[in-house]
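Residue-level structural notes
Spelled out, the chains give:
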Amino acid sequence: MRWGLLFILTALLASILAGLLPEAWAPPDLWFLFVVAAVPRLAPAWSLVLAFIIGLFSDLTSAGYLGLHAVGLTFAAYAQLVLASMLHWDEWLGRGAVVVGAYLAKWAGHLLVVYWLGLFLVGPLNFSGVFLSEAVLTLALAPLYLAFADRFLPGEDHAG
Amino acid sequence: MVRAVWLGLTLLGMVLSVLTARTAPTVAAELSARSAPLFYVGDRIGKNLKAAAYALVDRRRWRQEALALERQVAELKQENLRLSLENQRLRRTLKVRESQAPGVVAIAPIIAEDPSGLFRRLTLGLGEADGLRVGMPVTSPGGLVGVIIETTPKRAVVRTVVDPESAIGVRPADVPGRGIARGRPPASLRVRFPVEVEVKPGDLLITGAIGGLFPEGIPVARVTRVIPPGPGALTYDVEARPVVRFSMLEEVIVLRRL
């Protein structure tokens, strides 16, 4: 139930921010934050599946290429799992490093799909303008979103 | 296990991307169109918030622009007034130059009037440094003002035609004959004519003394009353009102000394 509510709230907030921000600014990737909040609370394999599904949903709702976000968020979830096993997720510094690492992994997944598609449909240069503002906004919003998720969602049963 | 799932999902994603690349964005767009209402509310909220923010910013900017425009209008009005006054002044100068004398020395502002009431003298804002000298006629577009009787480097004093010490040679504009106009403060002149000169109330008196201080033909006063001469008198007096309203003067034109 709470997962569903968080999903709806995330969709609502994402659409509000997309409408609110100036056109030159890419909105923050709240689905990435949703996955980051979900990964410690699910079994590792299921967290990857959830990330893939959320990514697929994001691809479908954004009328983009199927797999682009799916692979990106799967990469992010996997990176989070790996990093969380090496760093302290409970400490803010460790959590910050995990989130940043997961975010970079998400972009690595995006670029992998772009490369896989042959670079002729969408190229890395097309994303370069998005990366900076999305990274800044997403990482700036991450502490708030994760703090809210910590209070809103059930406990972290499978934290790294 | 986890790595296998990750690799499997990644592979699935890549296969999906290849398979749907040809149909993309058709497939995704189909769902996007159907899921649009889900995001519509949030998008509208966000856009409305942005519009409200822009409206606030615009309103502030418009207010600033309005204030700037008000300032600009005020400056332009002031400039317009200044140009208008300058235009009037130049017209008056031109009129004086055309009608009264070719030798305009300066246009001088009146910075003070004699406060005593006994004399009718004006202080000009220009002086010797500006070329003003004692004896220079002072006029205005309306008519004769007086003559400079005192100068300092930056100031000059004008004795007006209604000053009690003023004596000007005048003649009626329409009939022959000459007379002497003496000032009678605060605002009239007493003009003495030979009995042969016939003037009546309303006649215009102009400068006209031979070898006098003033160029000929400058309006001085208009006759208001004729005082009948006594038996056997050789002269008679008339009262006249100067054509120049000294209280309304803001600047005067100083002419070259004859």
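Remember, it's a predicted structure, so these values are computed and weren't measured experimentally.

Now for the overall build of chain B. Helices and strands together make up the secondary structure of chain B, namely two helices and twelve strands. Helices and strands in chain B line up, N terminus first, as α-α-β-β-β-β-β-β-β-β-β-β-β-β. Evaluated residue by residue, chain B yields a buried proportion of 29% over its 258 residues. Of all intrachain contacts in chain B linking residues separated by at least 6 positions in sequence, the fraction that spans at least 24 positions is 55%.

This brings us to the overall build of chain A. Counting its regular elements, chain A contains six helices and zero strands. Secondary structure of chain A in N-to-C order comes out as α-α-α-α-α-α. Taking all 160 residues of chain A together, 44% fall into the buried category. Across chain A, every contact between residues at least 6 apart in sequence was considered, and the portion connecting residues at least 24 apart equals 64%.

If you want to describe how two helices pack, look at the angle between their axes and the distance between the axes. All names here are of chain A. Direction vectors running N to C along helix H1 (residues 2–20) and helix H2 (residues 30–38) enclose 155°, while the axes themselves pass 9 Å from each other. Classed by the angle they form, the pair H1 and H2 counts as roughly antiparallel. Considering the relative orientation of H1 and H2, their crossing is right-handed. Residues Leu-6, Thr-10, Leu-13 and Ala-14 of H1 form the contact with H2, whose participating residues are Leu-30, Trp-31 and Phe-34.

Attention shifts here to the nonpolar core. Val-35, Ala-51, Leu-73, Ala-76, Ala-77 and Ala-102 of chain A are the most contacted members of the largest nonpolar core, which totals 51 residues. Looking at this core, the elements with two or more residues in it are H1, H2, helix H3 (44–61), helix H4 (68–86), helix H5 (92–116) and helix H6 (124–152) of chain A together with helix H1 (2–21) of chain B. The element best represented in this core is H4 of chain A, accounting for twelve residues. Apart from residues lying up to four places away in sequence, Ala-77 of chain A is in contact with Val-35, Val-39, Ser-47, Leu-48 and Ala-51 of chain A. Core analysis: the second largest hydrophobic core is formed by 39 residues, Val-105, Leu-124, Leu-132 and Val-170 of chain B among them.

Let's shift gears to the pairing of strand S8 (residues 188–194) of chain B. Residue and element names in this part refer to chain B. Side chains Leu-189, Val-191 and Phe-193 of S8 all project onto a buried face; the interleaved residues Ser-188, Arg-190, Arg-192 and Pro-194 project onto a face where none is buried. Two elements, strand S7 (residues 179–184) and S8, share five bridges in a ladder whose sense is antiparallel. By the bridge assignment, Arg-182 is partnered in S8 with Arg-190. Of the strand pairs in this sheet, S8 and strand S11 (residues 235–242) are connected by six bridges, and their pairing is antiparallel. Residue pairing across strands places Val-191 opposite Val-238, the latter belonging to S11.

Residues and elements named next belong to chain B. One closed barrel holds the six strands; their spatial order is S1-S2-S5-S4-S3-S12, and the pairing between them is antiparallel. Going across the sheet, the axis of each strand differs from the next one's by a mean of 40°, ignoring polarity. Of the strand pairs in this sheet, strand S4 (residues 144–151) and strand S5 (residues 156–160) are connected by five bridges, and their pairing is antiparallel. Within S5, the position partnered with Ile-148 by the bridge is Val-158.

All names here are of chain A. As for its placement among the helices and strands, Glu-134 is situated in helix H6. We classify Glu-134 as buried; it has 20 C-beta atoms within 10 Å. Distance from Glu-134 to Asp-29, taken between C-alpha atoms, is 6.7 Å for residues 105 residues apart in sequence. For Glu-134, the contacting residues outside a window of four places in its chain are Ala-26, Pro-28 and Asp-29.

Thresholds, definitions, all that
Residues numbered from 1 in each chain as written. Chains lettered and ligands numbered in written order. Predicted model: local features only at pLDDT ≥ 70, side-chain atom pairs only at ≥ 80, totals over all residues. Helix = DSSP H or I, 4+ residues; strand = E, 2+ residues; numbered from the N terminus. Buried ≥ 20, exposed ≤ 12 C-beta atoms within 10 Å, placed from the backbone. Contact = placed C-beta atoms within 7 Å. Axes fitted to C-alpha atoms, helices over the stretch in contact; angles between N-to-C directions. Parallel < 35°, antiparallel > 145°, perpendicular 65-115°, else oblique. Left-handed = near helix turned anticlockwise from the far one by under 90°. Core = buried A, V, L, I, M, F, W, Y, C linked by C-beta atoms within 7 Å. Pairing = 2+ DSSP bridges.

Everything listed here is a matter of geometry and, on its own, says nothing about what the molecule does.
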